[in-house]
Amino acid sequence: MVGIFCPQYLTIVALIGLVSSFTIQTKQNEDVPVVVEELLNLLTVNSPASIEKVEVQRPGYPTENFDWQGPGNVGQIVGVSVDSEGRPVIFHRGDRTWNYNTYDDNLEYEEAFEGPIQDATILVLNSITGVVVNAWGEQIFYLPHGLHIDPFGYVWLTDVALHQVFKFKPGSRRPDLILGERFTRGSDDQHFCQPTAVAVAKSGEIVVADGYCNNRIMVFDESGNLINKIPQQNEFVTLRVPHGLAILDQGDVCVADRENMRIICLNVGLRSNNDINNNNNNNNINERRRPPLTLHQPDLGRVFAVAAHGNILYAVNGPTSPMIPIRGFIMDPKFEDIFGSWSPSTGNFEQPHAMAISPNGSELYVTEIGPNKIWKFDLVRGNRQDDIWNNLE
Ligand SMILES: *[C@@H]1O[C@H](CO)[C@@H](O)[C@H](O)[C@H]1NC(C)=O
């Protein structure tokens, strides 16, 4: 085992050297200590012999906060994200569900006659108490799916009945940007088909998972002009229901490739990603063409959601088969390594649908679509968690 990890060890040591010199030059960049921490985490996790020598924190381990209680009396909670103040924001379906009457055999939405959901579909929650502190998004959506709060504070929402993606200022009634055509599915560059999720890069690009029927990833510039599609015609990447998205600090986009029961992380050409690669003297084109990183193991099951902190990825699966527990996972995409799993302590996940991590990396939320609930987990770090980590092997 130690032999296997040796090349990684050397890489990490080299990178720590690189990042340390960076720290000296750019003290104002608060991300750098995080990067160092992540690298030290990798070092410790992958190289047990060094645990005694290096006293460092590990990636946060999700520990259920059972005092926290989200709102009752909500519909299926399909989306969650955390705003810059650390407040979880959820997207729910009110009185709607996705059932066998929702679409006909041609994927035509059959329930437009009901009009949009009357309730406020977007609820902002207090991170300490769980109470609703703000509610908006009434009379807009028909079948909510994904919610993402981007690095600039905008709220992105997808609706699988409208086949559209929306960008809102929080609380606004009028979207700043709409992608896709209302109630019109399609597979060309102007249309989506049941888009599931959005993630926006620090460099501003908009990544859309499109979705249940197109099985592709679309990348737009910040004004909404298409700049990339995955897979390209000559590319061998097959997605089966890309259901959730997360962007790693290193710039890869990780996709919960639900029906393929795996996660893939790929360079979709984000500016931030390619800047990093240029700094590392890599050839841009080769980097773009490298095969995706793949996270897969027999009991991973159908992956519904992913969330990232730094370059560590968290995921949650959903009902797959009686043999496969419904639970969370922790993984290191760079080494294609799924190194831990986690679950609530006071109950079981039943139908998890979405997951998000607070910007400061101390809290993780999982939402479910039946029963309709939201769980809060504290991401517990530090050496007192040694027992937990030792049990992960
Ligand atoms: C992170 O943010 C949450 C929510 O705002 C806050 O309660 C917590 O104290 C913060 N943790 C750290 C370590 O800053």
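Along each chain, residue indices are assigned from 1 in the same order as the chain's sequence is written. Note on the predicted model: pLDDT of at least 70 is required for a residue's local features to be given, and 80 or more for side-chain atom pairs to be given and counted; whole-chain, interface and lining totals, by contrast, use all residues.

- As recorded in an unreviewed UniProt entry, the chain goes by peptidylamidoglycolate lyase and comes from Aphidius gifuensis.

### Focus on the UniProt feature "repeat: NHL" (unreviewed entry) in the chain
- UniProt positions are given in the numbering used here, feature names are shortened, and annotations may be inferred rather than shown by experiment. UniProt marks residues 184-223 and 239-269 with the feature "repeat: NHL" (unreviewed entry), using the numbering shown here.
- The span residues 184-223 is 0% helix and 40% strand, and its two end C-alpha atoms sit 21 Å from each other.
- Secondary structure elements are taken from DSSP: a helix is a run of H or I of four residues or more, a strand is a run of E of two residues or more, and numbering for both begins at the N terminus. The span residues 239-269 carries 0% helix and 52% strand; its end-to-end C-alpha distance comes to 18 Å.

### Here we look at the sheet that holds strand β12 (residues 216-220)
- DSSP-based pairing: two strands are paired if at least 2 bridges between them are found. In spatial order, the strands read β10-β11-β12-β13; together these four strands make up an open sheet with antiparallel pairing. Looking at which strands have only one partner, the edges of the open sheet turn out to be β10 (195-200) and β13 (226-230). When the angles between neighbouring strand axes are averaged without regard to direction, this sheet yields 20°.
- Direction of pairing for β12 relative to β13: antiparallel, over a ladder of four bridges. Note that in β13 the partner of Val219 across the bridge is Asn228. Between N-to-C directions, angles span 0 to 180 degrees; the directions come from axes that are lines fitted to C-alpha atoms, helices contributing only their stretch in contact.

### Looking at the sheet that holds strand β20 (residues 328-332)
- Taken together, four strands build an open sheet; the order of strands is β18-β19-β20-β21 and the sheet is antiparallel. Taken across any chain shown, the strands that pair with only one partner, and hence form the sheet edges, are β18 (302-309) and β21 (337-342). Between one strand and the next, the sheet's axes are offset by a mean angle of 25°, whatever the strand orientation.
- As judged from the four bridges shared by strand β19 (residues 312-318) and β20, these two strands associate in the antiparallel manner.

### Some points on the nonpolar core
- Note on definitions: a nonpolar core is a set of buried residues drawn from Ala, Val, Leu, Ile, Met, Phe, Trp, Tyr and Cys, linked by C-beta atoms within 7 Å. Labels follow a simple rule on C-beta atoms placed from the backbone: if 20 or more others lie within 10 Å of a residue's own, it is buried; if 12 or fewer, it is exposed; otherwise it is partly exposed. In this structure, Val306, Ala315 and Met355 are the most contacted members of the largest nonpolar core, which totals 80 residues.
- Counting residues per element, this core draws most heavily on β18, which supplies six residues.
- Core analysis: the next-biggest nonpolar cluster, separate from the first, contains ten residues, Ile140, Val160, Ala161 and Tyr212 among them.

### Describing the pairing of strand β16 (residues 262-266)
- With respect to burial, β16 is a largely interior element, five of its five residues being buried.
- On β16, burial covers both faces: Arg262, Ile264 and Leu266 on one face and Ile263 and Cys265 on the other are all buried.
- By the bridge criterion, five bridges tie strand β15 (residues 253-257) to β16 in an arrangement that is antiparallel. Each bridged residue has a counterpart across the sheet, and for Val255 the counterpart in β16 is Ile264.
- Following β15, the chain reverses through four residues before pairing antiparallel with β16; Met261 in that reversal takes a positive phi of roughly 55°.
- With three bridges joining them, β16 and strand β17 (residues 293-295) adopt antiparallel strand pairing. Looking at the pairing, Cys265 lines up with Leu293 of β17.

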